[in-house]
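Report on the structure
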Amino acid sequence: MSNRSLLAALVATPLIGIVMVAPVIAQTMAARGPAPATGALSPPAQCTKAANDARTTQVNPAYEAWQKATDSTTRADLLVKYRAVSTSAYAQMQKMAADCATRFSVETAPAAQLMDLITLYTMARDTAGSRRATERLLTEKNLPPRARGQALLLGMNQEATKNPSYFGIIDAAEKLVAEIDALPDSLADLKLQAHQSMMGRYQYLDVAEGLFQHANAVIALARKLNRPQEMISGYSSLARSFADRLNPDSAMKILDAGEKEIGATATTSFKDFRDRYALIGTPAAKISAEWWINPDAAGVVAPAPGKVTLVEFTAHWCGPCKNSYPGLRALSDRLRGKPFTGFMVTQLYG
């Protein structure tokens, strides 16, 4: 899960520093065909396997050569080569999957092959095809409960990522989560996956209410399934839902409860969160940088004494950060000439 969390500092002078750190969110799907208990792979799964095998054949030698090298210079050169081979092999895998996917039709494919077809479309980066196949799968009336749950999970994730610029409760995805929750108790693992996925989505988008709801569900389901690591992530996200609203005392109590229930593993995992939340209400550290853009004065002091100061840590890859820019600009314009200043802090990339 993401370590993105609110770090706010309130100094003795009228200063409010809101510091948000957002890591890259890497969304990776394992594109492989399911292996039936008996019989051969379905035609779509055969395509997926062939494309994945071709990629593995290209990448493995470069990876093994890099791993076996001991000289630092040689390892650096081999790492560059491995990355280049991986990039090329991935592109070829995607093209193989896309070419093979043209052999199938969502409308005529047997229902039993739809899940494999969705996997193939995913490998081919064919979002439209994957969505159409999922929609058809969800209309099938005779799916076993687990297959139904897996189909609902696919639909939920598609709805959650349909509009990446939307920051709020995702109603269409939540309706599918409700259907997953209504499935038999024997499918608690699928329910946990659903709530974990939505919890991660809301965590990235800074939607505290959604984070609160799904973190509670993750804790309850992980407790039932005896999965301490998932419980840790649930407690961490639940605490963050309070810290993001500047309620660090409540966040700390939630972490206390998690440590009491889970033990030493949770104590280690929560340390970083505790350190961050402890900063709320303390003087903000001074910010120094080699380069400044659009400074108000030749000598920059941040935070500036005697002013209300807002600080946001940002990055070019951070979607929620970009979403905040218009509001921050409007706030700066509205308070121009008053004892207010704002800073956005980033680093060089590439």
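So, on to the overall build of the protein chain. Counting secondary structure elements, the protein chain contains 12 helices and 4 strands. Sorting the 350 residues of the protein chain into buried and exposed places 40% on the buried side. Of the roughly 19300 Å² of accessible surface on the protein chain, a fraction of 56% belongs to carbon and sulfur atoms.

Tracing the sequence through the fold places Tyr63 in helix α1 (residues 43-68). A sequence separation of 22 residues divides Tyr63 from Val85, and the C-alpha atoms of the two residues are 9.2 Å apart.

Further remarks concern unusual backbone geometry. For Asp206, which is not glycine, the phi torsion reads 60° and is therefore positive. Assignment of secondary structure puts Asp206 in the loop between α7 (188-205) and α8 (208-225). In this structure, Asn226 is a non-glycine residue whose phi angle is positive, near 55°.

With respect to the helices, strands and loops of the structure, Asp116 is situated in helix α3 (residues 114-123). Here the side chain of Asp116 touches Ser42 through a polar contact of 2.6 Å, side chain to side chain.

Sheet analysis places strand β3 (residues 308-313) next to strand β4 (residues 340-345), joined by 6 bridges and oriented parallel. Bridge assignment links Val311 to a residue of β4, and that residue is Phe343. Each parallel crossover has a hand, and the one from β3 via helix α12 (residues 319-334) to β4 is right-handed.

The next point concerns the pattern of salt bridges. Counting across every chain of the model gives 16 salt bridges. Across the salt bridge formed by Arg146 and Asp189, the nearest N and O atoms sit 3.0 Å from each other. In this pair, Arg146 sits in helix α5 (residues 145-161) while Asp189 sits in helix α7, placing the two residues 43 residues apart along the sequence. In this structure, the salt-bridge partner of Glu259 is Arg274, at a minimum N-O distance of 3.0 Å. Highlighted residues: Glu259 in helix α10 (residues 248-262) and Arg274 in helix α11 (residues 264-277), separated in sequence by 15 residues. Glu259 sits in the buried class, given a relative accessible area of 18%. Here the salt bridges do not stand alone but share partners, grouping Asp206, Arg240 and Asp244 into one network.

Attention now goes to α3. Taking burial as the measure, the 10 residues of α3 include 8 buried ones, the bulk of the element. Buried within α3 we find Leu114, Asp116, Leu117, Ile118, Thr119, Leu120, Tyr121 and Met123. Packing partners of the buried residues in α3 comprise α1, α2 (72-101), α4 (127-139) and α5. Phi for Arg125, located one or two positions after α3, is positive at around 60°.

Evaluated as defined, the whole model comprises 2 disulfides. Two residues share a disulfide in this structure: Cys47 and Cys100, whose sulfurs sit 1.8 Å from each other. Given an S-S torsion of about -45°, the disulfide between Cys47 and Cys100 has left-handed geometry. Taken together, the residues Cys47 in helix α1 and Cys100 in helix α2 connect sequence positions 53 residues apart. For the residue pair Cys47 and Cys100, the accessibility class agrees, reading buried in each case. Between the sulfur atoms of Cys318 and its disulfide mate Cys321 the distance is 2.2 Å. Disulfide Cys318 to Cys321: torsion about the S-S bond roughly 75°, handedness right-handed.

Turning our attention to the environment of Lys224. Within the secondary structure layout, Lys224 lies in helix α8. On the basis of relative accessibility, which here comes to 52%, the residue Lys224 falls in the exposed class. Lys224 sits 35 residues away from Asp189 along the chain, and the two C-alpha atoms are 9.7 Å apart.

On to α8, then. Here α8 contains 18 residues, and its C-alpha end-to-end distance of 25 Å stays within 8% of the 26 Å for a straight helix at 1.5 Å per residue. Among the residues of α8, those classed as buried are Ala208, Gly210, Leu211, His214, Ala215, Ala217, Val218, Ile219, Leu221 and Ala222. The secondary structure elements touched by the buried residues of α8 are α6 (171-181), α7 and α9 (228-243). With its phi angle positive at about 55°, Asn226 sits one or two positions after the end of α8.

With that settled, the discussion passes to the environment of Pro184. Structurally, the position occupied by Pro184 is in the loop between α6 and α7. Not counting the four nearest positions on each side in its chain, Pro184 is found in contact with Pro145 and Lys191.

Rules and cut-offs
- Starting afresh in each chain, residues are numbered from 1 along the sequence in its written order.
- Only residues with pLDDT of 70 or above have their local features reported here, since the model is predicted, and side-chain atom pairs are shown and tallied only from 80 upward, although totals for entire chains, interfaces and linings are computed over all residues.
- Working from all heavy atoms in the structure, the side-chain values ignore hydrogens and water.
- Secondary structure follows DSSP: runs of H or I at least 4 residues long count as helices, runs of E at least 2 residues long count as strands, and numbering of each begins at the N terminus.
- Residue burial is assigned from relative accessible area. The probe radius is 1.4 Å, only protein chains are included, and a residue is buried under 20% of its type maximum, exposed over 50%, and partly exposed in between.
- Only the protein chains shown count as cover for residues, with accessible areas throughout obtained via the Shrake-Rupley method and a probe of 1.4 Å.
- Identification of polar contacts relies on pairs of N or O atoms within 3.5 Å, with a donor-acceptor requirement for protein atoms, meaning one able to donate a hydrogen and the other able to accept it, and with residues adjacent in sequence counted only if both atoms are side-chain atoms.
- At least two bridges found by DSSP between two strands is the condition for calling them paired.
- With strands facing away from the observer, any crossover in which the path from the first strand over the helix to the second runs clockwise is taken as right-handed.
- What counts as a salt bridge is simple: a side-chain nitrogen of Lys or Arg found within 4 Å of a carboxyl oxygen of Asp or Glu.
- Any two residues whose heavy atoms approach within 4.5 Å at even a single point are treated as in contact.
- What counts as a disulfide here is a pair of cysteine sulfur atoms lying within 2.5 Å.
- One less than the residue count of a helix, multiplied by 1.5 Å, gives the span that helix is expected to have.

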